[in-house]
Structures are given as structure tokens and as C-alpha cells.
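Read off the chains here:
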Amino acid sequence: MSGRDGAPGDDPPAGDPADGDPSNDANPAEGEGVDDWDETVAEWESEVDEWEGDPSGDASDADGDADTHGDAGNGTAADAASDDDVDPAIDRDPDLTPDDADRVPKVVSAGHINWDVTIHVDSLPEPDGETRIDRLEQSGGGSAANVAVGLVDLGGQSVVYGSVGGDESGALALRELASAGVDPGQVLVDADEPTSVKYVIVDGGGELLMLANDGANESFSAAGLDRDTLAAADHLHLTGQQPETAAALATAAAEAGATRSFDPGRRVADREFDAALHASDVLFVNDREADALDAATDVDPWEPDDRVVAIKLGDEGATVRTPHGSVSHPGFDADPVDTTGAGDAFAAGFLAAALREPEITGDGFSHDPRDYQVPILVGNACGAVATESVTARTDLSWDRVRERMGESPETDLLIEVRA
């Protein structure tokens, strides 16, 4: 499974796609003595083996593109060699030591906070039928809450903003968030509404369906978030909520100097999210949501012109699209038992990796696709881990991320830089 330009005050070098001028997208490999794509890939494979601690040097060839929709990264590395738009200057020495970094990002995650009841069955019954419950679990859920917990697991600081009802389910959800290290102090308790409870039914193949009541999960408004809390944050992550609330929060975050990301969820085409979409630096969608967004709005997730879009492709990994190019990765092998929350785990991993790097987020999010090599790998690793866990909450850690990365070669990263 699977959030532009340099740090404040830094002028991007000439020819760097991060300078915001596509006409300057020269090949950064020129002058480095790299004139053969296969040789470049082989050298990077060797570096990845060392990075993963595998001295055998055994890595697969770089032909596994996750992109199933369009042009970016489509085909084999040999095909890419014939395309003048493909930039071979991929990172020879990816850094995966965020727990040693000085920068600890603080994120406000705003949106749904639920209580989940997860029911595992071998298969769904036919109408008027019956099936046996193999396992039943209760836990905290909700996309905003899931991302907040994942970011804390990966060394960040999280404040969650949303609303719950004044009932036992709400109290349990808040207690679980606090126990995970998330600050729930901004959460609105609506005594007149029940907490949203989501019933997640998972079949033997890990596929799911959901039953939910709205309850109190959209009772909160932008006005209820303490502005000092937002001003102290590095980033605002928005998930499903009232469109006017999302727009107001994104605008307030921009005024406070925080970067913004938005994962609108499956209702993206049914709600008027245009203002929040345009106020966000990074969008998280799956491929179906990307198509719906493309059809219903003026935002083209597959060929964005002013933002970064991370498109989750399920068991085919993910692709990150930017105005200057794309980077794709086919994902990691997993034995799924429950795909609930896998997209939230991807977002948490992606943001945890990106937000610690000033060159990516120092002045908005970079539009250079090469900057997202590590974030897409971390996001895919977190998403794969999540599918092998029961319930929407997954215990993420950098050790688990590294372990998952060690099980699959990363040479299938393909980068295309558009002129």
C-alpha cells in the first residue's frame, strides 16, 4: 500500500524542478558521468541492498510500475531509457533514520473520530442467510484519529480535532487516543448526539464493507479549534468532514504558516470540497476517488498543475503525482486480513517521512518527484503492515517499516520528470 520547494530563504539551483519553472527542468544527471540507464539502475540497486543490509546484491529488475492509469513511470526501466523525459538522477543513498532527526513534526489531524466494531466472517451471507462471526473486536477508529495515532507511532506529535458524543463510546475513543500519545484536548463532546459507531465487516480475503451512523462526528466547526494550537503546528491534515469546515480550517492553517493535506475519502465527488482541495498542498486519494475527482471538479489528480497528489493503488502500491513529474512504487507483499485503515496508515507514513525533511516542506511541499522516493516507500510499507492487522488501528514503528522494506526490493521506483 500505499505529503514544495526548498527551505525558506533557499533559492533552488538552476535546472531544478523544485524552482517552480518547468522550463528549467534540465537533466540533473548531466555532467555526472551517468550515460546509461541500465548502469544507473544497477548502481542504485547496489545502494539499496546496502541500505537494506542485504550484502548479496540480489535485487529484482526495475520493471514493476504501480501506475495503472496513465503515463508516469509506465513500463520497464529499459522503456524508460528511451524516453528523454525520464530523469535517472535517483537517490543513491536514501535516508531512513527519522528517529535520529532533530525535526519532530507537530500535526493537527482534523476529521472523524469513531468507535469501530470490527466483525470477521469467512464470507458474507446471502439475503435472508446467516453466517458465523469468527472474531469481533472493538477499537478506536475514524480517519483523522487513525492518522494522528500513526504519526505518534512514527515519532511525531499529534493533536486530533473532531467531535464525539457524550456517551461511553466517545469516552472510550478519547481514552484510547490519550493512551496512544495523541492530544485529544481539542475534541468537541456533543452531549446531544451519539458517538459515530462504525461496524466493519471483514470477509476471509480481507475485503470489507461498512455500516455507520453519522452521530456526532461532524458536530465540530472550524471556530472551535484553538488558534494557538493551530499556530504551533507544522501541518494540518484534513479528512472527511463538512466542506465549509474543511475550507475554513485549511484557510486558517495557511494564514498560520502551516502546510496542509487533505484526504477527502469516498464522498469526494458528492460534497462541495473545491475550496478545501484548492487550499491543500497535498491530496491523498485512491484510484477510484482520483477518477471521481477528475470528473467532478477542475482538479486533475493524475496530472496536477499546482499541488502534490498521492494516489493509493491498493495492492499495486501507489503513485505520487506532481506538476514536475511522478514517482511510483508497486508496493510490498502482504497477507491481508483487514484492509480497514490501510489508507490512513499510508498517509501517516508518507507525512511522517516528508514532514521531517525541510527540503521537502520548508516552503510548502516540493514539486520535485525525486523528493518523494522515501515518503512513498514509507507510506507503502505502513499500508502493507496495516492490512495484516485486525481493526483500523495498527502499531506502526520505524523498526516495522524497515523490516517490511527489507522484504521487497525498492528498485521498482520509476521517476518521470515532465518538461
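Just so it is clear, the model here is predicted, and its values are computed rather than measured. (Residues numbered from 1 in each chain as written. Predicted model: local features only at pLDDT ≥ 70, side-chain atom pairs only at ≥ 80, totals over all residues. Heavy atoms only, no water.)

Student: I'm lost on the overall build of the protein chain in this one. Help?
Tutor: When its secondary structure is counted, the protein chain shows twelve helices and 15 strands. As presented, the protein chain carries roughly 17000 Å² of accessible surface, and 43% of it is formed by carbon and sulfur atoms. (Helix = DSSP H or I, 4+ residues; strand = E, 2+ residues; numbered from the N terminus. Areas by Shrake-Rupley, 256 points an atom, 1.4 Å probe, with all protein chains shown as cover.)

Student: For this particular structure, what's the right way to read the confidence of the model for the protein chain?
Tutor: Detailed reading of the predicted coordinates is not advisable wherever pLDDT falls low. Taken as a whole, the protein chain shows an average pLDDT of 76; of its residues, 71% reach a score of 70 or greater. Looking across the protein chain, the model is least confident in helix H2 (residues 77-81), with a mean pLDDT of 34, and most confident in strand E9 (residues 235-238), with 96. Note that pLDDT drops below 50 for residues 2-35; the model gives that stretch 80 contacts with residues more than four away or on any other chain. Across residues 50-93, where pLDDT falls below 50, the model places 106 contacts with residues more than four positions away in sequence or in other chains. (pLDDT = per-residue confidence, 0-100. Contact = heavy atoms within 4.5 Å.)

Student: Any chance you could explain the environment of Arg 356 here in plain terms?
Tutor: Mapped onto the secondary structure, Arg 356 falls in the loop between helix H9 (342-354) and helix H10 (358-361). On the basis of relative accessibility, which here comes to 6%, the residue Arg 356 falls in the buried class. For the pair Arg 356 and Val 104, spaced 252 residues apart in the sequence, the C-alpha separation amounts to 6.5 Å. A distance of 2.9 Å separates a polar atom in the side chain of Arg 356 from a polar atom in the side chain of Glu 357. (Buried < 20%, exposed > 50% of the residue type's maximum accessible area, 1.4 Å probe, protein only. Polar contact = N/O pair within 3.5 Å; in protein donor to acceptor, adjacent residues only side chain to side chain.)

Student: Mind showing me how you'd approach the sheet that holds strand E3 (residues 133-141) here?
Tutor: In any sheet, the strands associate via hydrogen bonds between backbone groups, in a parallel or an antiparallel arrangement. Ordered in space as E3-E2-E7-E8, the four strands form an open sheet in which the pairing is mixed. The open sheet is flanked by E3 and strand E8 (208-212), the only strands paired with a single partner. In this sheet, neighbouring strand axes are inclined to one another by 20° on average, regardless of whether the strands run parallel or antiparallel. Both strand E2 (residues 114-121) and E3 contribute to a ladder of eight bridges, which runs antiparallel. (Pairing = 2+ DSSP bridges. Axes fitted to C-alpha atoms, helices over the stretch in contact; angles between N-to-C directions.)

Student: Sorry, what's going on with the pattern of salt bridges here?
Tutor: A pair can form between side chains of opposite charge whenever their charged atoms are brought close. A complete count under the given rule lists ten salt bridges for this structure. Between Asp 281 and Arg 260 there is a salt bridge, and its shortest N-O distance comes to 3.6 Å. Here Asp 281, found in the loop between helix H7 (274-278) and strand E11 (282-286), pairs with Arg 260, found in strand E10 (residues 259-262); they are 21 residues apart in sequence, far enough to count as distant. Just as Asp 281 is buried, Arg 260 falls in that class too. Between Arg 288 and Asp 287 there is a salt bridge; the shortest N-O distance is 3.8 Å. Looking at Asp 287, the relative accessible area reads 24%, which means it is partly exposed. (Salt bridge = Lys/Arg side-chain N within 4 Å of Asp/Glu carboxyl O.)

Student: What am I meant to see in the packing of aromatic side chains here?
Tutor: Between two aromatic rings, the relevant description is the distance of the centres plus the angle of the planes. What the rule picks out here adds up to six aromatic pairs. For the pair Phe 262 and Phe 273, a centre-to-centre distance of 5.1 Å together with 85° between the ring planes defines the contact as edge-to-face. In this pair, Phe 262 sits in strand E10 while Phe 273 sits in the loop between E10 and H7, placing the two residues eleven residues apart along the sequence. Neither residue differs from the other here; Phe 262 and Phe 273 are each classed as buried. (Phe/Tyr/Trp six-rings, centres within 6.5 Å; stacked < 30°, edge-to-face > 60°.)

Student: How should the environment of Ala 352 be read in this particular structure?
Tutor: Secondary-structure assignment places Ala 352 in helix H9. Relative accessible area serves as the criterion here: at 7%, Ala 352 is assigned to the buried category. A sequence separation of 246 residues divides Ala 352 from Lys 106, and the C-alpha atoms of the two residues are 9.9 Å apart. Sequence-distant contacts of Ala 352, defined by excluding residues within four places in its chain, comprise Leu 151, Leu 154 and Trp 398.

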